[in-house]
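The lines below spell out each chain.
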Amino acid sequence: MAETGVHRLTQTVLNGKEHTGEETIVQIGEGNFLRGFLNWMIHQLHKQGVYSGRVVAVQPTPHGKVVPVLNAQNGLFTTILRGKLKGETIDKAELVQSISRGINPYTDWDEVIALARSTSVKWLFSNTTEAGLTYLHEPYNGKEAPLSFPGKTTAFLYERFLAFDGSLTAGIVVVPCELVEENGVVLKSLIKRVANDWELPESFLSWLDEAVIFCNTLVDRIVTGFPRGEEEKWATRLGYEDHLLTVAEPYHLFVIEAERRPNERLPFAEAGLNVVWEKTASYRELKVRLLNGAHTFMFAAGVLAGETTVKGVLKNQVLRHFLERGLQEELMPTVRANQEVKEAYVASVIERFENPYLAHQLTDIGMNAIYKFKTRLLPALEANQRPQLLLFSLAALLVYMKPIGKEGAFLQGKANGQRYTIRENETTLTILNEAWGQFDQDEKNVAETVQLLLEQEELWGVDLSEHHIQVTVFVEQLLSGEIENIVTTI
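A brief report on the enclosed structure follows.

Calculation criteria
All chains use their own residue numbering, which begins from 1 and follows the written sequence. Restriction of local features to residues with pLDDT of at least 70 applies here, the model being predicted, together with a cutoff of 80 or more for giving and counting side-chain atom pairs; totals for whole chains, interfaces and linings are based on all residues. The side-chain numbers reported here are obtained from all heavy atoms of the structure, hydrogens and water having been left aside. Numbering goes from the N terminus for both helices and strands, where a helix is a DSSP run of H or I of at least four residues and a strand is a run of E of at least two. Only protein chains enter the area calculation, which uses a 1.4 Å probe; residues under 20% of their type maximum are buried, those over 50% are exposed, and those in between are partly exposed. We treat Lys and Arg as the positive residues and Asp and Glu as the negative residues; His and chain ends play no part in the count. Every case where a carboxyl oxygen of Asp or Glu lies within 4 Å of a side-chain nitrogen of Lys or Arg is listed as a salt bridge. We call two residues contacting when some pair of their heavy atoms lies within 4.5 Å. Classification of ring pairs uses Phe, Tyr and Trp, with its six-membered ring standing for Trp, and accepts pairs whose centres are within 6.5 Å; under 30 degrees between planes counts as stacked, over 60 as edge-to-face, and the remaining range as tilted. Whether a charge sits over a ring comes down to the Lys NZ or Arg CZ being within 6 Å of the ring centre and within 35 degrees of the ring normal. Among the buried residues, those of types Ala, Val, Leu, Ile, Met, Phe, Trp, Tyr and Cys that are joined through side-chain atoms within 4.5 Å form a nonpolar core. By definition, two strands form a pair when at least two bridges between them are found by DSSP. Each axis is a line fitted through C-alpha atoms, and for a helix only the stretch in contact is used; angles between axes span 0 to 180 degrees, taken between their N-to-C directions. The cut-offs work like this: below 35 degrees is roughly parallel, past 145 is roughly antiparallel, 65 to 115 is roughly perpendicular, and the gaps in between are oblique. Take the far helix as the reference: if the near one is turned anticlockwise from it by less than a right angle, the crossing is left-handed, and if turned clockwise, right-handed. Here the term charged refers only to Asp, Glu, Lys and Arg, the term nonpolar to Ala, Val, Leu, Ile, Met, Phe, Trp, Tyr, Cys and Pro, and the term polar to all other amino acids, Gly among them.

**Quick look at the side chain of Lys342**
Within the fold, Lys342 resides in helix H11 (residues 339-353). Despite its burial, Lys342 pairs with no opposite charge; the closest candidate is Glu285, at 8.0 Å N-O. Those residues in contact with Lys342 that sit more than four places away from it in its chain are Leu286, Leu290, Met332, Pro333, Val335 and Ala337.

Here it is in structure tokens:
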């Protein structure tokens, strides 16, 4: 970094004010969201002097790139909160010290096992995206990390069970943050399925029921991640160079529903954080359908129209009208809540999307977007009699997923001359590549390709081919015309 006075982010930046404490939290996932949400929260607990435990971040997939950078920065990173909260404009940068280290389990599985055997560890958090909470049949030999998130969690808990001879006092609290309904229930069922695959003893399954507490959660904060193109500006402002800088909105909500009361709770409320230990159902549908669903609803159309950020979509009057119509006409009516509550929430969503400080990249929203469409929007699609806007969103998603080549383990797409990475799981990438590959080789026309994609229950959980006629019309238009002109005719 060329600027005078700018340093690399290491412990020396803290000038001896570094936080120390036992490693009490294992976190599977090291991405922008957990760093800008949970890890920021744990840092607030440290600042308020109500908790001293630290986090170990475990890389969830073999393709992760964060852990080496995190360790090079001694676990440090900066969270920037920018936007409006309760009428107040906030623009604040804070160096977060809650992470002690990162672990790549594919090279250092023994370090994960050591954490499983630690008496200090009390909590296991995760965010591996919705796609992480899925079943994978895989072996386990005790010496290597399982590939799947449920596999890693099963292995971790089993090693703990063995280390403490099945003592009920050795249980921990498992808090998944993936955006899946009843995520704690889902994770527990997956762990039991994996345990049966591995023929683990019944005593371990009983220990899971009696000693380990699984929580359902709902998380709410827009975290846009690294401010691309602004590295020098932020290095100058902060006085150091941070490769894990992450930007988030000030608003946050964390709802935690435990299957039974933990012996101790992390003191979030004591630190003034918006965290509630309540049932998630009353919060979930509003957030998943009207905030996360809105993201998924409009991101592909935005990319195809040449926009790069959520803010850009809101400034594009045609796309804004498309989004607002989708919310009002096809998403809001499917949410079971008071109309006044729904309208107020939608208004807050639009305000948060318009945050002038956040550059929420549409391609980031596009990670695992097919799974997100299935979980966030498919219920609304099925509840509408004539879901034209949702079907257009689905068509835009299919066109966005049309690959032009490969980029490492993923595929590449292209819109308006700009390339982007199509980040999906291996099965989804294979289906996309084969279906669109046949189209590009003139083996299938648009209608046949759309039919082939929509009937893939591995993608959607159901056969969507009943919608293929209307989706085909939209896909043909998108492949050959200006998206703004198409949207105005729906």
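Structure shown, so let's carry the discussion forward.
**Some thoughts on the packing of aromatic side chains**
Under the counting rule described, the total for this entry stands at 19 aromatic pairs. Where Phe161 meets Phe204, the ring centres are 5.5 Å apart and the plane angle is 65°; that geometry is what we call edge-to-face. On the criterion of sequence distance, the pair formed by Phe161 in helix H4 (residues 149-163) and Phe204 in helix H6 (residues 202-211) is long-range, its members being 43 residues apart. Residue Phe161 shares its accessibility class with Phe204, and that shared class is buried. Taking 4.9 Å as the distance between ring centres and 80° as the angle between the ring planes, the aromatic pair formed by Phe299 and Tyr400 counts as edge-to-face. Placement of the pair is Phe299 in helix H8 (residues 281-304) and Tyr400 in helix H14 (residues 388-400), with a sequence separation of 101 residues. For Tyr400, a relative accessible area of 0% translates into the label buried. Aromatic rings pair up to connect Phe33, Phe37, Phe254 and Phe268 into one cluster. When the ring centre of Phe77 is taken as reference, the NZ or CZ atom of Arg35 above it lies at 5.5 Å. A cation over a ring is seen here: Arg221 above Trp40, with NZ or CZ 4.2 Å from the ring centre.

**Quick notes on the nonpolar core**
Among the nonpolar cores identified, the biggest contains 79 residues, and Leu290, Leu323, Phe353, Phe392, Trp460, Val471 and Leu478 are the most heavily contacted of them. When residues no more than four places from it in sequence are discounted, the contact partners of Leu290 are Glu285, Leu327, Leu331, Met332, Val335, Lys342, Tyr345, Val346 and Val349. Listed in part, the 39 residues of the second largest apolar core include Val26, Leu190, Phe204 and Tyr371.

**As for the sheet that holds strand E4 (residues 77-85)**
The mixed open sheet is built from 4 strands, whose spatial order is E5-E4-E12-E10. Only two strands of the sheet have a single partner each, and these edge strands are strand E5 (88-96) and strand E10 (223-225). When strand polarity is set aside, the average angle formed by the axes of neighbouring strands in this sheet is 20°. Here 2 bridges tie E10 to strand E12 (residues 246-248), and the two strands are oriented antiparallel to one another. Pairing of Val223 across the sheet is with Ala248, part of E12.

**Overview of the environment of Glu351**
Of note, Glu351 is situated in helix H11. Residues Glu351 and Leu314, spaced 37 residues apart in sequence, show a C-alpha to C-alpha distance of 10.0 Å.

**Brief notes about the environment of Lys444**
With respect to the helices and strands, Lys444 occurs in the loop between helix H15 (426-440) and helix H16 (446-454). Considering only alpha carbons, one finds Lys444 and Glu382, 62 residues apart in sequence, at a separation of 28 Å. Those residues within four positions of Lys444 in sequence are excluded, and the remaining contacts are Gln438, Phe439 and Thr449.

**Focus: the packing of H8 against H14**
Relative to each other, H8 and H14 sit at 55°, their axes nearing to 8 Å. In terms of their interaxial angle, H8 and H14 are classed as oblique. Crossing hand, H8 versus H14: left-handed. For the pair H8 and H14, contact is made by Thr296, Phe297, Phe299, Ala300, Ala301, Val303 and Leu304 and by Leu389, Leu390, Phe392, Ser393, Ala396, Leu397, Val399 and Tyr400, respectively. Tallied by class, residues from the contact of H8 with H14 come to 13 nonpolar, 2 polar and no charged.

**Notes on the pattern of salt bridges**
Charged atoms that come close allow side chains of opposite charge to pair. By the definition in use, this model includes 23 salt bridges. Of the charged contacts in the structure, one is a salt bridge between Glu324 and Arg320, with a shortest N-O distance of 3.0 Å. Of this pair, Glu324 and Arg320 both sit in helix H10 (residues 317-331), separated by 4 residues, roughly a single helical turn. Three or more residues joined by partner-sharing salt bridges are found here, namely Lys188, Lys192, Asp209, Glu259 and Arg260.

**Observations regarding the sheet that holds strand E2 (residues 23-28)**
Sheet architecture is open: 8 strands sit in the order E6-E3-E2-E7-E8-E9-E13-E14, paired in mixed fashion. Each having just a single partner strand, strand E6 (99-103) and strand E14 (275-276) make up the two edges of the open sheet. Sheet topology places strand E9 (residues 213-220) next to strand E13 (residues 253-258); 6 bridges connect them, and they run antiparallel. Bridge pairing in E13 links Leu218 to Val255. Where helix H3 (residues 109-116) meets the sheet, its contacts fall on E2, strand E3 (54-58) and E6, and the angle it forms with E6 comes to roughly 135°.

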